[in-house]
Amino acid sequence: MKRMMILLVLLVSAAGCFRVKVDPVEVKPITLNVNLKVDRQLDDFFAFEKTGAGAATTATSTQPPAAVK
Amino acid sequence: MTNKTQRLTSVAVMVLGIGLLASIAEAGRKEELRDKFAGRYAAIQELKAVGKLGETFLGYVDAVKPDYLNDANVKKLMTEENADRSELYRLLAKETGVTPEDVAARNAARNFTKAPAGEYLKHADGVWRKKG
């Protein structure tokens, strides 16, 4: 029993010496591809907005300062 | 061909057939939705231009002030538009393998970008801001 305890303590101590290196998981390109796919689907679907009446509007900044009361 | 093989083949053909029919039905539904959006487009743009409706960060339209919903036409257009958007987001999510909320968020970003100056946009903090 005593031997087992010593062995266990040694094993636990040794475990601290190991270093496991894990490569970072790269998810950004996948997310980007999915977003592009969704954006393309939306652009295709709403293509009529570019040709439809009253659709010719110019895009500007998306950071407006004035808040509605 | 054994009975078992024939049965398996029949089941496979049926599954493929059902899948094909479902795809055709979804494509048809998208066409219907596009027609509905296109038919409503000018009216929605007009309401946005006068500041009664605006795009939200959730990918839907909303009344800039609650009082505007007292106008039955505004309420009707908004309700119909949002119901169709919800269905469209579900369909596109299924096609692209993302959630409907993801599609809605992409559409919100798209609408914010292409909105002309003067239109109201509801940001994630819940505040309506006029685009400059």
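Residues numbered from 1 in each chain as written. Chains lettered and ligands numbered in written order. Predicted model: local features only at pLDDT ≥ 70, side-chain atom pairs only at ≥ 80, totals over all residues. Heavy atoms only, no water.

What about the overall build of chain A?
Here is step 1 of the chain: When helices and strands are tallied, chain A shows three helices and zero strands.
Here is step 2 of the chain: Each helix and strand of chain A, placed in order from N terminus to C terminus, yields the pattern α-α-α.
Here is step 3 of the chain: When the 69 residues of chain A are sorted by exposure, 14% land in the buried category.
Here is step 4 of the chain: With an accessible surface of roughly 6,200 Å², chain A has 66% of that area assigned to carbon and sulfur atoms. (Helix = DSSP H or I, 4+ residues; strand = E, 2+ residues; numbered from the N terminus. Buried < 20%, exposed > 50% of the residue type's maximum accessible area, 1.4 Å probe, protein only. Areas by Shrake-Rupley, 256 points an atom, 1.4 Å probe, with all protein chains shown as cover.)

Looking at the packing of aromatic side chains
Here is step 1 of the chain: Inspection of the entire model under this criterion finds six aromatic pairs over all chains.
Here is step 2 of the chain: Between F45 of chain A and F46 of chain A, the aromatic rings sit 5.0 Å apart at their centres with planes inclined by 80°, giving edge-to-face as the arrangement. Here F45 of chain A matches F46 of chain A in class, with each residue buried.
Here is step 3 of the chain: Residues F48 of chain A and Y41 of chain B carry aromatic rings whose centres are separated by 5.8 Å and whose planes lie at 90° to one another, so their mutual orientation is edge-to-face. Note that F48 of chain A is positioned in helix α3 (residues 48–51) and Y41 of chain B in helix α1 (residues 3–49), a pairing that runs across two chains.
Here is step 4 of the chain: The class of F48 of chain A is buried, set by a relative accessible area of 15%. (Phe/Tyr/Trp six-rings, centres within 6.5 Å; stacked < 30°, edge-to-face > 60°.)

A short note on the packing of helix α2 (residues 28–45) of chain A against α1 of chain B
Here is step 1 of the chain: Remark: α2 of chain A packs on α1 of chain B, axes separated minimally by 11 Å, with the N-to-C direction vectors making an angle of 60°. In terms of their interaxial angle, α2 of chain A and α1 of chain B are classed as oblique. Side by side, α2 of chain A and α1 of chain B meet where Q41, D44 and F45 of chain A of the first sit next to K30, L33, R34 and F37 of chain B of the second.
Here is step 2 of the chain: For the contact of α2 of chain A with α1 of chain B, the class distribution of residues is three nonpolar, one polar and three charged. (Axes fitted to C-alpha atoms, helices over the stretch in contact; angles between N-to-C directions. Parallel < 35°, antiparallel > 145°, perpendicular 65-115°, else oblique. Contact = heavy atoms within 4.5 Å. Nonpolar A, V, L, I, M, F, W, Y, C, P; charged D, E, K, R; others polar.)

A short note on the sheet that holds strand β2 (residues 61–63) of chain B
Residue and element names in this part refer to chain B.
Here is step 1 of the chain: Across the sheet, four strands lie side by side as β2-β1-β3-β4; this open sheet has mixed pairing. The open sheet has two edge strands, β2 and β4 (128–130), and neither has a second partner. Pairwise comparison of adjacent strand axes, ignoring direction, gives a mean angle of 40° for this sheet.
Here is step 2 of the chain: Two strands pair when backbone bridges link them, and strand β1 (residues 53–56) and β2 are joined in this way by three bridges, in the antiparallel orientation. Of the residues in β2, the one forming a bridge with E55 is V61.
Here is step 3 of the chain: On the sheet, helix α3 (residues 100–114) packs against β1 and β3 (120–122) and is oriented at approximately 130° with respect to β1. (Pairing = 2+ DSSP bridges.)

Observations concerning the nonpolar core
Inside soluble globular proteins, nonpolar side chains tend to come together where they are buried.
Here is step 1 of the chain: Formed by 16 residues in total, the largest nonpolar core has its most connected members in L42, F45 and F46 of chain A together with L33, F37, L88 and V103 of chain B.
Here is step 2 of the chain: When residues of this core are traced back to their parent elements, those giving at least two are α2 of chain A together with α1, α2 (72–96) and α3 of chain B.
Here is step 3 of the chain: Top element by residues in this core is α2 of chain B. It accounts for five residues.
Here is step 4 of the chain: Sequence-distant contacts of F45 of chain A, defined by excluding residues within four places in its chain, comprise K30, L33, R34, F37 and L88 of chain B.
Here is step 5 of the chain: Judged by nonpolar contacts, the second largest core, of seven residues, contains L47, V61, V74 and M78 of chain B. (Core = buried A, V, L, I, M, F, W, Y, C linked by side-chain atoms within 4.5 Å.)

What to know about the confidence of the model for chain A
Here is step 1 of the chain: For chain A, the average pLDDT comes to 71, and 65% of its residues sit at 70 or higher.
Here is step 2 of the chain: With pLDDT under 50 throughout, residues 53–66 of chain A is counted as low confidence; its partners more than four residues away or in other chains account for 32 contacts. (pLDDT = per-residue confidence, 0-100.)

Quick look at the pattern of salt bridges
Residue and element names in this part refer to chain B.
Here is step 1 of the chain: For the structure shown, the criterion picks out 19 salt bridges over all chains.
Here is step 2 of the chain: Note that D71 and K52 form a salt bridge whose closest N and O atoms lie 3.9 Å from each other. Of this pair, D71 sits in the loop between β2 and α2 while K52 sits in the loop between α1 and β1, and the two are 19 residues apart along the sequence.
Here is step 3 of the chain: Relative accessible area serves as the criterion here: at 27%, K52 is assigned to the partly exposed category. (Salt bridge = Lys/Arg side-chain N within 4 Å of Asp/Glu carboxyl O.)

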